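# Geometric and topological summary
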Number of protein chains: 2
Amino acid sequence: MIAVLRIGHRISRDKRITTHVALVARAFGADKIFIDTKDIKLEENICSTCGRFGGKFEIKTGVNANKIAKQWSGIIVHLTMYGDELDRSIKKIDKNDDLLIVVGAEKVPSQMYAIADFNVSVGNQPHSEVSALAIFLDRYNNGKWLTKRFNGKIQILPCNKGKKVISRDK
Amino acid sequence: MIAVLRIGHRISRDKRITTHVALVARAFGADKIFIDTKDIKLEENICSTCGRFGGKFEIKTGVNANKIAKQWSGIIVHLTMYGDELDRSIKKIDKNDDLLIVVGAEKVPSQMYAIADFNVSVGNQPHSEVSALAIFLDRYNNGKWLTKRFNGKIQILPCNKGKKVISRDK
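Below: a short report on this structure. (Residues numbered from 1 in each chain as written. Chains lettered and ligands numbered in written order. Predicted model: local features only at pLDDT ≥ 70, side-chain atom pairs only at ≥ 80, totals over all residues.)

So, about the overall build of chain A. Across its full length, chain A holds 6 helices and 8 strands. Against the globule reference of 15 Å for 170 residues, chain A gives a C-alpha radius of gyration of 16 Å, in line with a compact fold. On the principal axes, the C-alpha backbone points of chain A span a range of 50 × 35 × 30 Å. Each of the 170 residues in chain A was classed as buried or not, and the buried ones make up 45%. Sequence-distant contacts, at least 24 apart, represent 79% of the contacts inside chain A between residues at least 6 apart. (Helix = DSSP H or I, 4+ residues; strand = E, 2+ residues; numbered from the N terminus. Rg over C-alpha atoms; globule rule 2.2 N^0.38 Å. Buried ≥ 20, exposed ≤ 12 C-beta atoms within 10 Å, placed from the backbone. Contact = placed C-beta atoms within 7 Å.)

Here's what the structure looks like:
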């Protein structure tokens, strides 16, 4: 089980970024995303994507982030530009254990640094929680997300020019 | 020279996503970003990051995207979920040539598919232009962006607990 915990989500400011974080979680092999602020519209958007493109992916908004982190029985990784080197950290993480990946919006409370087993930096330059999560999951599952089958109603086939889309009713 | 061309930028809707696209371009080794809509605030934000965190990175907003693509003398890669497989495409791209990477917001005009030398999919599932650009650049430069030196006034050192920041006046 791989879950993502998105903290500091503010609906008006972060709706697009948090949507992208959730889509990355789904596409790059996570099973679930928790979001600390209740956001029905976001839930609907992600469920709609899952309905069309397939795969088992859950979204739960309005969760108590501290409680989820404290009750998590597996490994907790917090992605932050202040964290330890990505490649060094990845090697230390037991892949057989459940994994909770915490990604913040703006400032992350200091207790999250303490509660995490690993504070990991995807480079020490500012970029994005969207790219940080993507690169982390890519490294974590050795690029296997690229060939994951979702068996959705809509399937897009690789193609250098134009669009190849298979649509089917289930 | 690696440049990114961001098309379809709408200030109110995309300000945060386009900022993240620009930050990814900078952090993952591109030299420059072009954005099709004039956006002074975005330019200021990115220049402020460069001023603090270092590196030579340029941003130009309000460009004619078609003109830039048509006049580009190197290779053009368009990132799209409809494109050809990432790993297969990467092998075909001559790394000695200048590279323009096109990333859209919502719908990309069909001429961009035609003008691009390579339409490349970073997986065929919906996720984000931020993660697509990050994964593409990561593969393109073989993860070397992770150790790139920016020599900024602010330097963050990897660390598993807490924050290690070096600040210096230049």
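To continue, consider the sheet that holds strand S2 (residues 32-35) of chain B. All names here are of chain B. Strand order in the open sheet formed by 6 strands is S3-S2-S1-S5-S4-S6, with parallel pairing between adjacent strands. The open sheet has two edge strands with one neighbour each: strand S3 (58-61) and strand S6 (118-121). The sheet shows a mean angle of 25° between the axes of neighbouring strands, direction not considered. As paired strands, strand S1 (residues 2-6) and S2 are joined by 4 bridges and run parallel to one another. Opposite arginine 6, over in S2, you have isoleucine 35 as the bridge partner. Together, S2 and S3 form the strand contacts of helix H2 (residues 40-53), whose direction differs from that of S3 by roughly 180°. Set on the sheet, helix H6 (residues 129-140) makes contact with S1, strand S4 (75-85), strand S5 (99-103) and S6; between it and S5 the angle comes to about 155°. (Pairing = 2+ DSSP bridges. Axes fitted to C-alpha atoms, helices over the stretch in contact; angles between N-to-C directions.)

For the pair chain B and chain A, the best superposition has an RMSD of 0.0 Å and corresponds to a rotation of 180° with a translation of 0.0 Å parallel to the axis. Overall, the copies show the geometry of a two-fold rotation axis. Proximity to the rotation axis, assessed at the C-alpha, singles out B:Ser131 in chain B; its C-alpha lies 2.2 Å from the axis. Here 100% of the contact residues of chain B are again contact residues in chain A; the copies associate through an equivalent surface. (Least-squares fit on C-alpha atoms with pLDDT ≥ 70 in both.)

Contact with chain B, which involves 39 residues of that partner, is made by 39 residues of chain A. Breaking the side of chain B that touches chain A down by element, the ones donating at least two residues are helix H1 (11-27), H2, S4, S6 and H6 of chain B. For the side of chain B that touches chain A, the leading source of residues is H1(B), giving 6 residues.

Geometrically, a packed helix pair is captured by the angle between its two axes and the distance between the axes. All names here are of chain B. At a closest axis distance of 9 Å, the pairing of H1 and H6 adopts a crossing angle of 5°. The angle between H1 and H6 falls in the class roughly parallel. Seen from H1, the contacting residues are Ile17, His20, Val21, Val24 and Ala25; seen from H6, they are Glu129, Val130, Leu133 and Ala134. Its residues assigned to classes, the contact of H1 with H6 comprises 7 nonpolar, 1 polar and 1 charged. (Parallel < 35°, antiparallel > 145°, perpendicular 65-115°, else oblique. Nonpolar A, V, L, I, M, F, W, Y, C, P; charged D, E, K, R; others polar.)

So, on to the pairing of strand S5 (residues 99-103) of chain A. All names here are of chain A. Here S5 lies mainly inside the structure; 5 of its 5 residues are buried. Neither face of S5 is left uncovered, since the one carrying Leu99, Ile101 and Val103 and the one carrying Leu100 and Val102 both have all their residues buried. Direction of pairing for strand S1 (residues 2-6) relative to S5: parallel, over a ladder of 5 bridges. Note on S5: the bridge partner recorded for alanine 3 is leucine 100. In this structure, strand S4 (residues 75-85) lies alongside S5, joined through 5 bridges in parallel fashion.

Residues and elements named next belong to chain A. The strand order S3-S2-S1-S5-S4-S6 describes an open sheet built from 6 strands, whose pairing is parallel. The open sheet has two edge strands, strand S3 (58-61) and strand S6 (118-121), and neither has a second partner. Within the sheet, the average angular offset between the axes of one strand and its neighbour, ignoring direction, is 25°. Across the face of the sheet, helix H6 (residues 129-140) comes into contact with S1, S4, S5 and S6 while running at roughly 155° to S5.

Once that is clear, we can look at the pairing of S3(A). With burial as the criterion, only one face of S3(A) is covered, namely that bearing A:Ile59 and A:Thr61; the residues A:Glu58 and A:Lys60 on the opposite face remain uncovered. The parallel pair strand S2 (residues 32-35) of chain A and S3(A), bridged by helix H2 (residues 40-53) of chain A, forms a crossover whose chirality is right-handed. (Right-handed = clockwise from strand over helix to strand, strands pointing away.)

Our focus in this paragraph is H2(B). All names here are of chain B. Taking 1.5 Å of rise per residue, 14 residues should cover 20 Å, and H2 covers 20 Å from first to last C-alpha, within 8% of that figure. Residues of H2 that are buried include every one of Leu42, Ile46, Thr49 and Phe53, and no others. All buried residues of H2 lie within an arc of 55° about the axis, which places them on one face of the element. Exposed residues on H2 whose side chains face more than 90 degrees from its buried face are Ile40, Lys41, Glu44, Ser48 and Gly51. Contacts from the buried residues of H2 go to H1, S2, S3 and strand S7 (154-157). Glycine 54 occupies a position one or two residues after H2 and carries a positive phi of about 85°. (Expected span 1.5 Å × (residues − 1). Arc of directions from axis to C-beta.)

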